[in-house]
Amino acid sequence: MSSQICRSAAPRAARSLLSSYSKQCSRSISGGRAAAAATAVSLRGFIPSLASFGREERTNASRAWISGVIALPAAAYMLQDQEAHAAEMERTFIAIKPDGVQRGLIAEIISRFERKGYKLVAIKVLVPSKEFAEKHYHDLKERPFFNGLCDFLSSGPVVAMVWEGEGVIKYGRKLIGATDPQKSEPGTIRGDLAVVVGRNIIHGSDGPETAKDEIGLWFKPEELVNYTSNAEKWIYGVN
């Protein structure tokens, strides 16, 4: 009876492994990763053993096939996942405005980004000139409040930062909240810490192109740091 169970279970196990393996290979190929090519070559080497697996499950060849199916994809897809993780990293520009600095909210704001799991890759404190503020708000030049914005941004110290992480541009805006604190949800930075739109304490890039332009305006390339945080494997599941 037990031998019948083993004979019936073995092909099912093989089919299950092959199905999982094929799905992983398809995902790799669609992504165009080098790991997919290596895995496909290895799979061709295992197919002859798979064909006779149901009849010769007790042979050394079958045991070798099982070991290969289990061990090889693990290494290949670990590399693939790491590459995909690196490709999905974004950077955004975040600035704590003079009102946020004067109110002592620097640590509070930084901690919210850190607790989310984003990584700080650049930071400095400076007092922007009026001309610099005009460059920062250049897209609002035709608005009636343009001069007031520039005057305020250049009225005191600003903490300029670059944060890195998956989805940091879009979700960074969610952390910040709506431009008008009265319309910001509780739990957001502006929703919890600001009251009026003219003193909304923080700025964040609103899209990939804006983030690129603002990072380039506020920071030199050598001021941006590249490093791997020890927390990343716990945040993204990359080991």
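Residues numbered from 1 in each chain as written. Predicted model: local features only at pLDDT ≥ 70, side-chain atom pairs only at ≥ 80, totals over all residues. Heavy atoms only, no water.

## Some points on the overall build of the chain
- Across its full length, the chain carries 11 helices and 4 strands.
- Within the chain, the fraction of its 239 residues that count as buried is 38%.
- Across the chain, contacts joining residues at least 24 apart in sequence account for 76% of those joining residues at least 6 apart.
- A total accessible area of about 13700 Å² is found for the chain, and carbon and sulfur atoms account for 56% of it. (Helix = DSSP H or I, 4+ residues; strand = E, 2+ residues; numbered from the N terminus. Buried < 20%, exposed > 50% of the residue type's maximum accessible area, 1.4 Å probe, protein only. Contact = heavy atoms within 4.5 Å. Areas by Shrake-Rupley, 256 points an atom, 1.4 Å probe, with all protein chains shown as cover.)

## Comments concerning the packing of aromatic side chains
- With the rule as written, the count across this model stands at 3 aromatic pairs.
- A centroid spacing of 4.7 Å and a plane angle of 85° characterise the contact between F132 and W218, whose relative ring orientation is edge-to-face. On the criterion of sequence distance, the pair formed by F132 in helix α6 (residues 130-136) and W218 in helix α10 (residues 208-218) is long-range, its members being 86 residues apart. Of the two residues, F132 and W218, both sit in the buried class. (Phe/Tyr/Trp six-rings, centres within 6.5 Å; stacked < 30°, edge-to-face > 60°.)

## With respect to the side chain of T188
- In this structure, T188 sits in the loop between α8 (168-176) and α9 (189-193).
- For T188, the side chain forms a polar contact with the main-chain nitrogen of G191, separated by 2.9 Å.
- Leave out the neighbours within four places in its chain, and T188 touches R112, K174, L175, I176 and G177. (Polar contact = N/O pair within 3.5 Å; in protein donor to acceptor, adjacent residues only side chain to side chain.)

## Regarding the UniProt feature "binding site: ATP" (unreviewed entry) in the chain
- Residues given the UniProt feature "binding site: ATP" (unreviewed entry) here are K97, F145, R173, T179, R190 and N200.
- Discounting chain neighbours no more than four positions away, the residues touching K97 are Y137, F152, L153, P157, N200, I201, I202 and H203.
- Once you skip the residues sitting within four places of it in the chain, N200 turns out to touch K97, D99, T179, P181, R190 and A194.
- A polar contact of 3.1 Å, which involves the side chain of N200, links it to the backbone oxygen of T179. (UniProt positions renumbered as here; feature names shortened; annotations may be inferred.)

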